[in-house]
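Summary of the model geometry
What follows is the residue order along each chain.
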Amino acid sequence: LWAISVFFFIAIFVCVVCNMAIEREMTWLVYPVCSLIFAWGIFAPLIYRGTRYLRLSLGLLSAFILPYLLILEQGTHSGNWVIPIAFPIAFFSVLYIWVIYGVVNKIRNPWLVSSAIIASGGVFSLCIYLALLLLSGYTMFPWGWISFGSALGLSLLLLIAARIRR
């Protein structure tokens with residue numbers, strides 16, 4: 001773990017040096033530094049203890065994704081995009097990760113696992129699309145419905161293939 005930590009902190013140091021050398025002030029530095037710290041915090045338990053600590057890493061991801069996005073928003077001075085845009089995407093994405101974790105731990109048939117992951121991906125994609133549609137008020141291309149239908153179709157094909165293979 002210490003070697004990986006050293007690499008992360010060297011990367012942070014290089015970003016600081018480059019940003020200060022090029023811009024003479026801290027401008028784009030917030031993106032890589034926050035991302036490196038966030039990634040290190042989530043992956044450190046996995047690297048240190050292996051997959052036994054996957055639940056801890058997923059919990060850290062769930063707990064710190066919104067503060068991470070809020071720090072990026074504040075550091076970039078780019079307006080209010082976390083709550084109306086990033087929050088629904090982060091919420092449904094974290095929920096999807098936990099669903100995948102549960103499915104992989106409960107179902108042993110790889111065909112059923114694949115089918116469930118793809119189908120739930122379509123459902124969560126549709127949820128993200130509808131949340132963004134309702135929060136933004138804009139008319140959007142119906143990518144949510146297309147991904148939902150495609151995912152359900154592929155999921156059904158996998159179920160049929162699993163049935164045929166028996």
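Residues numbered from 1 in each chain as written. Predicted model: local features only at pLDDT ≥ 70, side-chain atom pairs only at ≥ 80, totals over all residues. Heavy atoms only, no water.

1. Looking at the overall build of the protein chain
Across its full length, the protein chain holds six helices and zero strands. Taken over C-alpha atoms, the radius of gyration comes to 20 Å for the protein chain, far larger than the 15 Å a tight globule of 166 residues would show. Counting only C-alpha atoms and orienting by the principal axes, one finds that the protein chain spans roughly 65 × 45 × 25 Å. Expressed as a percentage of its 166 residues, the buried residues of the protein chain come to 29%. In the protein chain, once contacts between residues fewer than 6 apart in sequence are set aside, the share between residues at least 24 apart is 55%. (Helix = DSSP H or I, 4+ residues; strand = E, 2+ residues; numbered from the N terminus. Rg over C-alpha atoms; globule rule 2.2 N^0.38 Å. Buried < 20%, exposed > 50% of the residue type's maximum accessible area, 1.4 Å probe, protein only. Contact = heavy atoms within 4.5 Å.)

2. Side note on a nonpolar patch on the surface
Where nonpolar side chains cluster on the molecular surface, the patch consists of Trp2, Val6, Phe7, Ile10, Phe13, Val14 and Val17 and spans about 770 Å² of accessible area. Position of Ile10 among the secondary structure elements: in helix H1 (residues 2-23). (Patch = residues over 30% accessible without salt bridge, like charges linked within 9 Å, V, L, I, M, F, W, Y side chains within 5 Å. Areas by Shrake-Rupley, 256 points an atom, 1.4 Å probe, with all protein chains shown as cover. Salt bridge = Lys/Arg side-chain N within 4 Å of Asp/Glu carboxyl O.)

3. Let's talk about helix H5 (residues 110-136)
When the terminal C-alpha atoms of H5 are compared, their 38 Å separation across 27 residues agrees well with the 39 Å that a helix rising 1.5 Å per residue should span. Of the surrounding elements, those touching the buried residues of H5 are helix H4 (82-106) and helix H6 (143-165). Once H5 finishes, Gly137 follows within two positions and takes phi at roughly 80°, a positive value. (Expected span 1.5 Å × (residues − 1).)

4. Some details on the packing of aromatic side chains
Summed over the entire model, instances satisfying the criterion amount to nine aromatic pairs. Both rings, one in Phe92 and one in Phe124, keep their centres 6.5 Å apart while their planes meet at 50°; by these two values the pair is tilted. You can see Phe92 sitting in helix H4 and its partner Phe124 sitting in helix H5, a full 32 residues away along the chain. Taking the relative accessible area as the measure of exposure, Phe124 reaches 11% and is therefore buried. Arranged with centres 5.7 Å apart and planes meeting at 80°, the rings of Trp98 and Tyr101 form a pair that is edge-to-face. Residue Trp98 and its partner Tyr101 are both found in helix H4; the two are separated by three residues, about one turn of the helix. For Tyr101, a relative accessible area of 17% translates into the label buried. (Phe/Tyr/Trp six-rings, centres within 6.5 Å; stacked < 30°, edge-to-face > 60°.)

5. Describing the side chain of Ser120
Its location among the elements puts Ser120 in helix H5. Look at Ser120 and you get buried, because its relative accessible area is 12%. With near-sequence residues (within four places) excluded, Ser120 lies in contact with Tyr96 and Val99.

6. Quick notes on the packing of H5 against H6
Orientation of H5 relative to H6, taken along the N-to-C sense of each, is 170°, at an axis distance of 8 Å. Between H5 and H6, the angle falls in the class roughly antiparallel. Along the lines of polarity and charge, the residues of the contact of H5 with H6 split into 19 nonpolar, seven polar and one charged. (Axes fitted to C-alpha atoms, helices over the stretch in contact; angles between N-to-C directions. Parallel < 35°, antiparallel > 145°, perpendicular 65-115°, else oblique. Nonpolar A, V, L, I, M, F, W, Y, C, P; charged D, E, K, R; others polar.)

7. Side note on the environment of Ile37
Secondary-structure assignment places Ile37 in helix H2 (residues 30-49). Looking at Ile37, the relative accessible area reads 47%, which means it is partly exposed. Taking the C-alpha atoms as reference, Ile37 lies 9.9 Å from Ser5; in sequence the two are 32 residues apart.

8. A few points about the packing of H4 against H5
At a minimum axis separation of 10 Å, H4 and H5 run at an interaxial angle of 165°. Between H4 and H5, the angle falls in the class roughly antiparallel. When the axes of H4 and H5 are compared, the crossing they make is right-handed. Counted together, Pro84, Ile85, Pro88, Ile89, Phe92, Ser93, Leu95, Tyr96, Val99, Ile100, Val103 and Val104 of H4 and Val113, Ala116, Ile117, Ser120, Gly121, Phe124, Cys127, Ile128, Ala131, Leu132 and Leu135 of H5 form the full contact between these two elements. Partitioned by chemical class, the residues of the contact of H4 with H5 number 20 nonpolar, three polar and no charged. (Left-handed = near helix turned anticlockwise from the far one by under 90°.)

Treat this as a map of the structure, not an account of what it does.
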